Amino acid sequence: MILGAVVLAAGLGTRMKSALPKVLHPLAGRPMIAWVLGSLAGVEVSHTVVVVGHGADAVAALLPDGVSTQVQQTQLGTGHATAVGVAGLPEHCDTVLVLCGDTPLISPALITGLVAAHQSSGNTATMVTTVVSDAGSYGRVLRDAAGVVTGVVEARDASAHEREIHEINAGIFMFDRASLNAALAQVGSSNAQGEVYLPDVLPAMGTSIGTFVSDDPDVVLGVNTRVDLATCETILQSRLRKALMLAGVTIPDPTAVYLDADVQVGRDTVLLAGVHLRARTVIGQDCVIGPNCVIEASAVGDGAHVINAVVRASQIGPGTSVGPYAFVRPGTELATGGKIGTFVETKNARIGARAKVPHLSYIGDAEIGEDTNIGAGNITANYDGFRKHRTTIGARVKTGSDCVLVAPVTIGDDAMTGAGSIITDPIPSGALGIARARQSVIEDFTRRAAAKARAASDDSGGHQV
Ligand code: UD1
Ligand code: MG
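Everything numeric in this text was worked out from a predicted model, so none of it was measured.

(A) The arrangement of the layout of surface pockets in detail. Roughly 1100 Å³ of internal volume is contained in the largest pocket. As for the largest pocket, its lining consists of 38 residues, and the residues nearest its centre are Arg-15, Lys-22, Thr-78, Asp-102 and Asn-224. No other element matches the 4 residues that strand S10 (residues 167-176) contributes to the lining of the largest pocket. Taken together, the residues of the lining of the largest pocket break down into 15 nonpolar, 17 polar and 6 charged. Its boundaries defined by the atoms lining it, the second largest pocket holds a volume of some 150 Å³. Around the second largest pocket, the lining residues are Thr-130, Val-132, Ser-133, Asp-134, Gly-136, Tyr-138, Ile-168, Pro-217, Val-220 and Leu-221. A class-by-class count of the residues in the lining of the second largest pocket yields 6 nonpolar, 3 polar and 1 charged.

Structural data, given as structure tokens:
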């Protein structure tokens, strides 16, 4: 048996009411079609063809190397789409696995089981079915008195009696390629939708049709509406959280934590409520993340504490502290033991080991050396209205509160700045940079000012009430 896979993904997904092709809608951060292709992981597939139509370029752009596309110009139904797909398989593929791009929960285990069952049975077709309490818009599986499958009737074409059937077509099939082609040539489109239905090949195939019944109805859930999309998301989220908990991560309120598929979290880390980990984020061991954090495409080292923060495309080192209320923008690197504190925004900034930016600051396009402490309310003024410039701050520096460091500017190791300074020139190592008007003290000012005000009021004949 040489297996070729055909994934049907040309439909508009009318019921999604979306400009985005249905199979590109994300689930746990991955497009739906990627979940379907992922289910092929356990079987040896000689070639995979994705049938594209609506949003063909966008779908094709997201496909992994080695997967080819066939364009179905007009969406004439799943049978027609299958014919278009099969035509794109190399000649040597004698067996065809058909999957729908809109059934994202199918698992590698289901596909391996299906392939093995089809191969050992010698049938010309094997259809995956499952039994559901509410068969909704799924195609109902028809069996004769002996239990042999005779076909599938779509919900829209079914009689009231047929609609009572609970066994549904999951949209996943194995076929002998030659028999499939012969049967497809005979299928018409006289049905409620005027489409060529793939399951209509079954009656033309005689009696050698097998079924592979999945005992988990979730695994074949098809997404037609955003309600179905949310149902799949809920199931995937619960699987992802469960996998992390079983791997040693504490999640006290699992339904309040949202994970993308490719996220990794180390042992004994605690994920509190309102945590969203996205896009290949990697969290180390013994961290406390949350409540209320969005961390995407970032790495967080062992023992870090991140609370009420948004972290994007950044590297947060071990033993660090971020938040509460921090916005860590792309290109931030916080080294071991460092701190990005409350109401602090960083971007494209390297913050050295044990260096701290504790309060109310903006650090952008900057370098901060080890053990440096940035005073409250410091701003690296990195933009002159035309271009961005860098601020370089050495090790063991202490900046005063409310300083503006006007880039490009350099502060040497062990230097200091006076509070309220606007630093425009380099500060050498060990020096103090101070740039503010000196304070004047006017003695006895308030008493004299009040006396003056009283005299003016007497002159004008008025009086205070
Ligand atoms: C289909 C089955 C139904 C089954 C259900 C399982 C048919 C006629 N019906 O119904 O028996 O219970 O899946 O989820 O097969 N597509 C194309 N080109 C087309 C039409 C569809 O590529 O011309 C693709 C769609 O993009 C989608 C897949 O085929 O990924 C299934 O089409 P959809 O319209 O969702 O079929 P269902 O109504 O769900
Ligand atoms: Mg569907």
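(B) Region of the structure containing the coordination of the magnesium ion (ligand 2). Listed as protein donors to the magnesium ion (ligand 2) are Asp-102 (OD) and Asn-224 (OD1); their distances from the metal cover 2.2 to 2.4 Å. Placement of the pair is Asp-102 in the loop between strand S6 (95-100) and helix H4 (108-121) and Asn-224 in the loop between strand S11 (209-214) and helix H7 (226-246), with a sequence separation of 122 residues. Residue Asn-224 is classed as buried on the basis of its relative accessible area of 15%.

(C) Structural detail: the sheet that holds strand S20 (residues 305-306). With respect to topology, 6 strands assemble into an open sheet ordered S14-S17-S20-S23-S26-S28, the strand pairing being parallel. The strands lining the two open edges of the sheet, one partner per strand, are strand S14 (270-271) and strand S28 (356-359). The sheet contact formed by strand S26 (residues 339-342) and S28 spans 3 bridges and is parallel. Bridge pairing in S28 places Thr-342 opposite His-359.

(D) Focus on the site of ligand 1. Contacts to ligand 1 come from 23 residues, most closely from Gln-72, Gly-77, Thr-78, Glu-154 and Asn-169. Lys-22 places a side-chain nitrogen or oxygen 3.3 Å from an oxygen atom of ligand 1. At 2.8 Å, a backbone N or O of Gly-77 approaches an oxygen atom of ligand 1. Taking 760 Å² as the accessible area of ligand 1 by itself, protein coverage stands at 91%. A majority-of-atoms criterion places ligand 1 in the largest pocket. Elements supplying a minimum of two residues to the shell around ligand 1: strand S1 (3-9), helix H3 (78-86) and S10. Among the residues forming the shell around ligand 1, the class breakdown is 10 nonpolar, 9 polar and 4 charged.

(E) Highlighting the side chain of Ser-214. Relative to the assigned elements, Ser-214 resides in strand S11. Polar contacts involving the side chain of Ser-214 include one to the main-chain carbonyl oxygen of Asp-216, which spans 3.1 Å. The contact partners of Ser-214, leaving out residues within four places of it in the chain, are Leu-110, Thr-129, Thr-130 and Val-219.

(F) Geometry of the nonpolar core. If you look at the biggest cluster of nonpolar residues, it comprises 58 residues, and the most contacted ones within it are Leu-271, Leu-277, Ile-289, Ile-295, Val-300 and Val-306. Element by element, the count of residues in this core is highest for H7, at 6 residues. Counting contributing residues per domain, this core is built from domain 1 (3-220) and domain 2 (226-433), each supplying no fewer than three. Ignoring sequence-local partners within four residues, the contact set of Val-306 consists of Val-288, Ile-289, Gly-290, Cys-293, Ile-295, Val-300, Val-311 and Val-322.

(G) Here's a closer look at a nonpolar patch on the surface. On the surface, Tyr-325, Phe-343 and Leu-360 cluster together to form a nonpolar patch covering roughly 350 Å² of accessible area. Note that Phe-343 resides in the loop between S26 and strand S27 (344-351).

(H) Structural context of the packing of aromatic side chains. Using the criterion set out here, one finds 2 aromatic pairs in the structure. Consider the rings of Phe-173 and Phe-175, whose centres lie 5.3 Å apart with planes at 10°: the pair is stacked. Of the two residues, Phe-173 and Phe-175, neither departs from the other in class, the shared state being buried. Relative to Phe-343, the ring of Tyr-325 lies with its centre 5.3 Å away and its plane at 10°, an arrangement referred to as stacked. Of the two residues, Tyr-325 sits in the loop between strand S23 (321-322) and strand S24 (326-328) while Phe-343 sits in the loop between S26 and S27, which places them 18 residues apart along the sequence. Look at Tyr-325 and you get partly exposed, because its relative accessible area is 45%. A cation over a ring is seen here: Arg-30 above Trp-35, with NZ or CZ 4.5 Å from the ring centre.

(I) Structural context of the domain arrangement of the protein. For the protein, the domain assignment lists domain 1 (3-220) and domain 2 (226-433). Just the C-alpha atoms count here: the centres of domain 1 and domain 2 sit 46 Å apart. Contacts between the two partners involve 15 residues from domain 1, matched on the other side by 13 residues from domain 2. Summed over the three residues of domain 1 that lose the most area to domain 2, namely Leu-27, Ala-28 and Leu-105, the buried surface amounts to 46% of that side. One can count 1 salt bridge joining domain 1 with domain 2. The shortest N-O distance in the salt bridge between Arg-30 and Asp-262 comes to 3.0 Å. Between domain 1 and domain 2 we count 6 residue pairs in polar contact (both at pLDDT 80 or more) in total.

(J) Structural view of the environment of Arg-163. Mapped onto the secondary structure, Arg-163 falls in helix H5 (residues 160-163). For the pair Arg-163 and Asp-57, spaced 106 residues apart in sequence, the C-alpha separation works out to 38 Å. Among residues more than four places away in sequence, those in contact with Arg-163 are Arg-140, Ala-155 and Ala-158. A distance of 3.2 Å separates a polar atom in the side chain of Arg-163 from the backbone oxygen of Ala-155.

The rules behind these values
Residues numbered from 1 in each chain as written. Chains lettered and ligands numbered in written order. Predicted model: local features only at pLDDT ≥ 70, side-chain atom pairs only at ≥ 80, totals over all residues. Heavy atoms only, no water. 1 Å grid on protein atoms, 1.4 Å probe; cavity = no way out; pocket = protein on both sides within 12 Å on 5 of 7 lines; lining within 4 Å. Points joined across faces, edges and corners; volume = space filled by probe spheres on them. Helix = DSSP H or I, 4+ residues; strand = E, 2+ residues; numbered from the N terminus. Nonpolar A, V, L, I, M, F, W, Y, C, P; charged D, E, K, R; others polar. Donors = N, O, S within 2.8 Å, 3.2 Å for Na, K, Ca; no water. Buried < 20%, exposed > 50% of the residue type's maximum accessible area, 1.4 Å probe, protein only. Pairing = 2+ DSSP bridges. Near = heavy atom within 4 Å. Polar contact = N/O pair within 3.5 Å; in protein donor to acceptor, adjacent residues only side chain to side chain. Areas by Shrake-Rupley, 256 points an atom, 1.4 Å probe, with all protein chains shown as cover. Sits in = over half its atoms within 2 Å of the grid points. Contact = heavy atoms within 4.5 Å. Core = buried A, V, L, I, M, F, W, Y, C linked by side-chain atoms within 4.5 Å. Domains from an automatic or database assignment. Patch = residues over 30% accessible without salt bridge, like charges linked within 9 Å, V, L, I, M, F, W, Y side chains within 5 Å. Salt bridge = Lys/Arg side-chain N within 4 Å of Asp/Glu carboxyl O. Phe/Tyr/Trp six-rings, centres within 6.5 Å; stacked < 30°, edge-to-face > 60°. Lys NZ or Arg CZ within 6 Å of the ring centre and 35° of its normal. Buried area = accessible area lost by both parts, 1.4 Å probe.

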